[in-house]
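Observations on the three-dimensional arrangement
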Amino acid sequence: MSKIEKALSRARAEHGNFLVPVPNTGTARTPVTGTAMVADRTGHPETIARMAVSESRLLSPGDLSQRGIIHHQYVGDPAVQVFRELRTKIVQQSQGRNGVILVTGVNHNSGSSFVAQNLGAAFAFDTGKTALVIDCNLKNPSMHRLLANAAVPGLTDYLENPDFDIAHIIHPVGIARYRVIPAGKRSEIPAEYFTSAKMRRLVDSVRLRYTERFIVLDGPPMSDIADIRILSELSDYVLIVVRYGRATNTQIENSVNAISDKKLLGIVFNDEPRIPRIH
Amino acid sequence: MQMYPEQIVKTLIAEIFQSRRLVVGIFVVVNAAMLIVGLLFPKGFSASTSILIDDRNIVQPLMQGAAVPTEVTDRGRNAREVIFGRKIMDQILERGGWTVNRPTAEQQERIIEDIKKRAAITTVGRNIIKIEYKDDDAERAFRTTQKMAELFMQESIAAKAAESSAAFDFIDKQTQDYHDKLVRTEEQLRELRSANLDARAGSEAEVTARMNDLQRRIESTSQELREAEIRGMALERQVTGEVEVNAAATREGQYRTRIGELQSRLDTLRLSYHDTHPDIVQLKNQIQDLTDGIDAERGRREQTKRGGRLEADQSTLNNPIYQQLRRELSQNQLNVEALKARIADSQQRLQQELNRGKLLHTGDARLAELTRDYQVNRDIYQDLLRRRESARVSMNLDRDRQGFTFKIQEPATLPLYPSGLRFWHFVAGGILLGLLIPVGLLYARLQFDPRIRIGNAISSRHKVPIAAVVPHLWTPRELKGLRVELAMLMFAMVATVALSAAVTVLRMTRVI
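Keep in mind the model is a prediction, meaning the values are calculated, not measured.

Cut-off values and rules
- Residues numbered from 1 in each chain as written.
- Chains lettered and ligands numbered in written order.
- Predicted model: local features only at pLDDT ≥ 70, side-chain atom pairs only at ≥ 80, totals over all residues.
- Heavy atoms only, no water.
- Helix = DSSP H or I, 4+ residues; strand = E, 2+ residues; numbered from the N terminus.
- Buried < 20%, exposed > 50% of the residue type's maximum accessible area, 1.4 Å probe, protein only.
- Areas by Shrake-Rupley, 256 points an atom, 1.4 Å probe, with all protein chains shown as cover.
- Contact = heavy atoms within 4.5 Å.
- pLDDT = per-residue confidence, 0-100.
- Axes fitted to C-alpha atoms, helices over the stretch in contact; angles between N-to-C directions.
- Parallel < 35°, antiparallel > 145°, perpendicular 65-115°, else oblique.
- Nonpolar A, V, L, I, M, F, W, Y, C, P; charged D, E, K, R; others polar.
- Pairing = 2+ DSSP bridges.
- Salt bridge = Lys/Arg side-chain N within 4 Å of Asp/Glu carboxyl O.

It is worth spelling out the overall build of chain A at this point. Within chain A one finds 10 helices and seven strands. With 279 residues in all, chain A has 59% of them scored as buried. In the structure as shown, chain A presents an accessible area of about 12,100 Å², 48% of it carried by carbon and sulfur atoms.

On a plain count of helices and strands, chain B comes out with 14 helices and five strands. Evaluated residue by residue, chain B yields a buried proportion of 35% over its 512 residues. When contacts within chain B are restricted to residue pairs at least 6 apart in sequence, long-range pairs at least 24 apart make up 83% of them. Accessible area of chain B: about 31,700 Å², with a carbon and sulfur share of 56%.

Detailed reading of the predicted coordinates is not advisable wherever pLDDT is low. Summary statistics for chain B give a mean pLDDT of 85 and a share of 90% for residues scoring 70 or more. Overall fold confidence for the complex sits at a pTM of 0.55, while the interface term, ipTM, reaches 0.81.

What follows covers the packing of helix α2 (residues 20-40) of chain B against helix α14 (residues 476-508) of chain B. All names here are of chain B. Packing of α2 against α14 leaves a shortest axis separation of 10 Å and a crossing angle of 10°. Judged by the inter-axis angle, α2 sits roughly parallel to α14. Residues R20, R21, V24, F27, V28, N31, L35, G38 and L39 of α2 pack against L482, E485, L486, L489, A492, M493, T496, V497, L499, S500, V503 and R507 of α14. Of the residues in the contact of α2 with α14, the class split is 13 nonpolar, four polar and four charged.

As a further point, take the pairing of strand β5 (residues 466-471) of chain B. In the case of a regular strand, side chains alternate between the two sheet surfaces. Of all the six residues making up β5 of chain B, five are buried; the element is thus mostly covered by neighbouring parts of the structure. As judged from the four bridges shared by strand β7 (residues 264-272) of chain A and β5 of chain B, these two strands associate in the parallel manner. The residue of β5 of chain B that forms the bridge with F269 of chain A is V469 of chain B.

Two side chains bearing opposite charge may form a pair once their charged atoms approach each other closely. Residue and element names in this part refer to chain B. Tallying each qualifying case throughout the model produces 38 salt bridges over all chains. The partner of R20 in a salt bridge is E485, with the nearest N and O atoms 2.9 Å apart. Of this pair, R20 sits in helix α2 while E485 sits in helix α14; the two residues are 465 residues apart in sequence, bridging distant segments of the chain. The salt bridge involving R140 is made with D136; its shortest N-O contact spans 3.6 Å. The structure contains a network of salt bridges with shared partners spanning E15, R445, D449, R451 and R453.

Next up on the list: unusual backbone geometry. All names here are of chain A. Backbone geometry places N109, a non-glycine residue, at a positive phi of 65°. Relative to the helices and strands, N109 resides in the loop between β1 (100-105) and α5 (112-125). Note on N109: relative accessible area 55%, which makes it exposed. Located in the positive-phi region is R177, a residue other than glycine, with phi close to 60°.

What follows covers the sheet that holds strand β4 (residues 405-410) of chain B. All names here are of chain B. Read across the sheet, four strands follow the order β2-β3-β1-β4 without closing on themselves; strand pairing throughout is antiparallel. Taken across any chain shown, the strands that pair with only one partner, and hence form the sheet edges, are β2 (119-124) and β4. Along the sheet, successive strands turn relative to each other by an average axial angle of 25°, direction set aside. Relative to β2, helix α4 (residues 75-83) is tilted by about 150°, and along the sheet it contacts β1 (45-54), β2 and β3 (128-135).

This is how it looks when you write it as structure tokens:
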């Protein structure tokens with residue numbers, strides 16, 4: 001039994017109402033071809049197939065829309081197009097490898113969590129790729145809202161307990177090929193966690209284990225500059241989110257200067273007003 | 001931040017959509033406020049009249065140069081001064097019914113100030129004065145305007161007549177003054193002429209000629225006198241010389257002749273005889289006697305010479321030359337006397353002429369002065385006479401109302417509709433301002449707010465690529481809420497406009 005399956009079964013035992021039912025297929029690294037939904041395009045069809053098994057109850061496009069997450073069915077929506085383009089850009093940059101992308105906001109309420117979630121969703125559109133969104137915004141976490149049970153263990157739980165398994169903190173949210181690590185219990189001194197070797201190990205292990213998996217770190221705003229520096233070191237690319245009508249040039253300049261040019265992928269100008277068509 | 005026009009429009013629309021509640025809120029509030037202001041704003045009725053001032057009527061070309069039309073440079077200001085004067089204002093107060101409640105002097109002053117504020121007197125073109133008066137009572141606006149025009153015309157005509165009459169009086173007085181002066185000068189001239197009869201043209205030349213003549217005569221007479229005197233002296237000398245010659249020639253000559261004879265006899269005797277010879281001694285004694293005689297004669301003559309008077313003896317007197325000389329001398333004496341008398345006479349006459357000349361000069365200067373005064377006064381007097389006639393014609397023109405006529409070009413009418421800002425202006429202004437104010441405010445915020453609203457501005461300024469521009473993702477719940485919200489906002493706007501329209505209609509139909 002894989003670590004993930006173990007974690008899932010334990011979680012089920014603990015909470016009973018876990019959103020996603022625990023699959024009962026073979027051991028870790030054993031290909032489950034019978035239920036595979038995706039063509040062998042990534043070289044890791046077994047991983048994706050296993051995920052698919054655990055996603056027997058997916059959220060409907062309507063539910064996703066309600067949660068503010070894009071869905072490939074709404075391909076006409078400009079937001080869907082934008083995230084797809086952003087994903088393609090990153091994939092092209094990564095040259096076939098997976099990558100760790102830090103999404104941070106210039107200031108509070110920049111919508112960096114929204115961008116991180118949807119960037120993850122855009123990766124998950126591609127049937128050959130999976131996405132893992134880690135909520136690193138410990139002061140103001142948001143990923144737990146995607147989960148039916150907000151009290152599931154998360155990042156801080158893993159970093160605090162030496163014997164905690166990674167599988168225990170990775171949770172499906174009802175989107176195909178999409179997983180999240182919520183922030184976990186609140187901590188008073190979050191910077192301590194990110195500096196720990198365990199955090200680096202976590203990022204490395206989730207990245208190295210599945211090469212088709214893109215990891216999105218939903219970081220704190222740039223005002224928590226210490227955390228951002230550590231997290232940017234752990235990541236391959238950095239996206240700075242600037243919300244329409246919220247940030248000044250000085251703030252943007254400070255943020256841009258704080259991130260190394262090599263890692264800075266660019267700025268995401270978020271929440272540009274759009275008048276919807278109402279019938 | 002530099003923005004292109006299309007960016008501004010796009011961003012402004014986005015901002016209006018984002019701040020839709022604020023926009024609609026301001027729209028409703030502004031409309032409501034303007035509606036209230038419009039309802040409270042006092043109605044104003046305005047009446048106006050225009051007066052044509054015709055100063056170029058038929059008489060003017062005929063009287064060109066003779067009559068001077070009164071020049072009015074700023075008719076508008078003139079009219080304001082006249083109408084706003086207390087004299088007319090008092091009558092207007094009465095006519096407008098302001099005096100019914102018997103206001104105190106202070107209240108009257110305030111009412112007059114109010115009337116002045118509401119009245120506008122302007123000049124249209126060159127010759128038209130427009131009087132405009134605004135009042136909250138249409139009837140009173142009409143009456144006041146009418147009265148203002150009427151009183152202004154009356155006052156102006158009276159003032160003009162008074163002015164030309166005053167001008168005539170002044171010129172008349174001046175003419176009289178100059179006439180008196182002229183008469184006085186003439187009188188003085190006459191007196192001067194009668195006092196100096198000599199003082200006529202050419203008198204001076206005559207006097208000068210006469211003086212020259214006298215001068216010349218004195219000089220020639222003097223010359224003659226001098227000659228006569230010299231001649232007299234010469235004659236005197238000659239007469240005296242003749243006496244001396246006579247004396248010498250007669251006795252001394254006789255003695256010397258005798259001595260000579262005796263000397264020759266002596267010399268002859270001496271040849272034969274000694275000196276002791278009695279003849280010789282006798283001769284010698286004779287000669288001695290004769291020599292003594294000569295000495296005695298000489299001594300006598302010297303004595304006479306010293307005594308100054310030469311005794312003419314009988315022989316001299318009998319000398320014909322001497323006699324002639326004496327005659328000439330006496331003649332000359334007479335001549336000298338005559339000449340002296342003539343010179344004295346001439347000098348006296350010269351003195352007379354000199355005095356006369358002096359008198360003549362003084363008279364001439366006075367005459368010139370008086371003549372000059374006379375000429376100047378005469379010129380001015382003649383000019384004034386002409387002017388007085390012109391002034392008389394001007395005065396008559398004004399008296400007969402021919403020089404300057406006022407015509408009511410456009411009579412005042414009773415205003416039927418209120419003027420100035422009408423109620424619908426407020427309503428329309430409310431709608432316009434209700435839209436413009438929020439849009440303006442948002443535009444100002446766009447211009448002055450340093451926060452970024454255009455993604456491209458970031459990439460160009462910070463040299464960082466824009467990875468994505470994410471439009472707002474509308475969730476179904478948001479959309480539903482938006483739908484409701486937009487419907488409500490739309491309703492609020494429509495209701496506001498409808499309310500304004502309804503009140504306008506009610507106002508127009510005089511319900512409120």
